[in-house]
Amino acid sequence: MTTSSEQKQAPANDDNKDDTSSSLLKLNIVLQEDLTIRGGAQLWLMNCGARLQAIGHQVTFVLPTTSLLLEDLPAIAGASVKTYDADAIAKDPDSFVAWFTDILRPAQVCVTLVRQQRGQFQNVGFVARCISEAKLRTHLIAKTGTPDASYRKSFYGALLGKQASVITIAQYTKDFIVKNIGVPAELITNVYNGTDTSKFQRTADMAVEAQKRYPCVQGAYVVGCIGSFEARKAHPVLLRAAKKLITDGRLPNIYCLFVGEGPDKQMLLGMIEELGLQKNAALYDFTKQPFYVFERCNLVALPSTGKEGLPNVLLEALAMEKPCVATRAYGMPEVVLDGQTGYCFPSGDVDALADAIMKIAGLSDAKQKEMAKRGKEMIFAEHDKAKQFEKILEIIKEKAAAVKRSVV
């Protein structure tokens, strides 16, 4: 077990005993994630913690020692960071119970991101166990975007009953876990992820910088694909669709711009060479400034065949006035509206993806601009980060207030 050096910590309230007069002035909130990657969900957690800390609450991140978020967290002034050995806890979670419980004890709320079981450890069920066995009043919020039929009710904090609740990021996810896993609908609130609409706005200077960062052949039709280089993102489907569009002559100037990090990078580089796409595709490293990527694109593709919720990349692309093509699965059709903001296609269908790209590429410039405008208007109206964060903050405040009222 490893603990980073701590910054200023909120006064402990053993078993959540605190003065109700200050109950909503400063909350103690634990944010926990078990994955080590730096994808959209992890960035959401980090940004949530930064916002909570900035408005006066005390945040503690609990992460594996190998989490890629660790290099960014020192920028969040005042936040505490605790780390654990991911392999060790998977083998022997019992030895971590006391450590986790001590972290949870002063917290009114713990927000966890629901993850698959690793060995003997499943993060939400484990946190629920710690709260239950120590008889803490901490409210557990399980946040999830990716439904999975193999998950159990315990993955959503079922051990705690109404002392646990669930936040989903897509209506599809909520409906799925109610129907297939049996989580009571009244314990679930759907709050769409939001994007920073103030950041994802186009400028002339941004366009110039985007061309410098992501150069390609003049006149190329750029299809962006941003996300972790891993199997579930199905990048090969896009490469094969691009090859088809070049071979049949429908879009010989297509250029696939992949941006991310992950284990499939070398495989994708090899596939680009194998398909002869060296002049029509390129891989770039993960960036904390994705708006330059979007600015460089004509449209954005998300061909995922694996588990997704409602990917942030779609919200950001639409905010940047970029039509999208995405798999017709999970929460993606909730924002990629056929003929309105882009087109969806069946999972893994290379021909259908190629056709979806052409439905947009074949539009006149004026029609493409109309589609882009509709996407931006939808995101600004329904998926603004500040508005969506306030909804989650209200849920956290409500649960924290209930915790404190229970000790009066």
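In what follows, the structure referred to is the one given above.
Computed from a predicted model, the values in this text were never measured in an experiment. (Residues numbered from 1 in each chain as written. Predicted model: local features only at pLDDT ≥ 70, side-chain atom pairs only at ≥ 80, totals over all residues. Heavy atoms only, no water.)

Caption draft 1: Layout of the overall build of the chain. Looking only at helices and strands, one finds 13 helices and 14 strands in the chain. Taking 2.2 N^0.38 as the reference for a compact globule, 408 residues should give roughly 22 Å; the C-alpha atoms of the chain span a radius of gyration of 22 Å, in line with that estimate. With the C-alpha coordinates of the chain rotated into their principal frame, the extents come out at 70 × 40 × 40 Å. On the chain, roughly 16900 Å² of surface is accessible, and the fraction owed to carbon and sulfur atoms is 51%. (Helix = DSSP H or I, 4+ residues; strand = E, 2+ residues; numbered from the N terminus. Rg over C-alpha atoms; globule rule 2.2 N^0.38 Å. Areas by Shrake-Rupley, 256 points an atom, 1.4 Å probe, with all protein chains shown as cover.)

Caption draft 2: Region of the structure containing the packing of aromatic side chains. If you walk through the whole model with that rule in mind, you get 14 aromatic pairs. Taken together, a centroid distance of 6.0 Å and an interplanar angle of 35° make the contact between Tyr-172 and Phe-176 tilted. In this pair, Tyr-172 and Phe-176 both sit in helix H5 (residues 171–180), 4 residues apart, roughly one turn of the helix. Ring centres of Phe-291 and Tyr-292 lie 4.9 Å apart, and the angle between their planes is 50°; on these two criteria the pair is classed as tilted. Summarising the burial analysis for this pair, Phe-291 and Tyr-292 share the class buried. Counting every residue linked through ring pairs, the aromatic cluster contains Tyr-84, Trp-99, Phe-100, Phe-121 and Phe-126. If you follow Lys-143 out to its NZ or CZ, it ends over the ring of Trp-44, 3.9 Å from the centre. In this arrangement the basic side chain of Lys-376 is found over the ring face of Phe-380, its NZ or CZ atom lying 5.3 Å from the centre. (Phe/Tyr/Trp six-rings, centres within 6.5 Å; stacked < 30°, edge-to-face > 60°. Buried < 20%, exposed > 50% of the residue type's maximum accessible area, 1.4 Å probe, protein only. Lys NZ or Arg CZ within 6 Å of the ring centre and 35° of its normal.)

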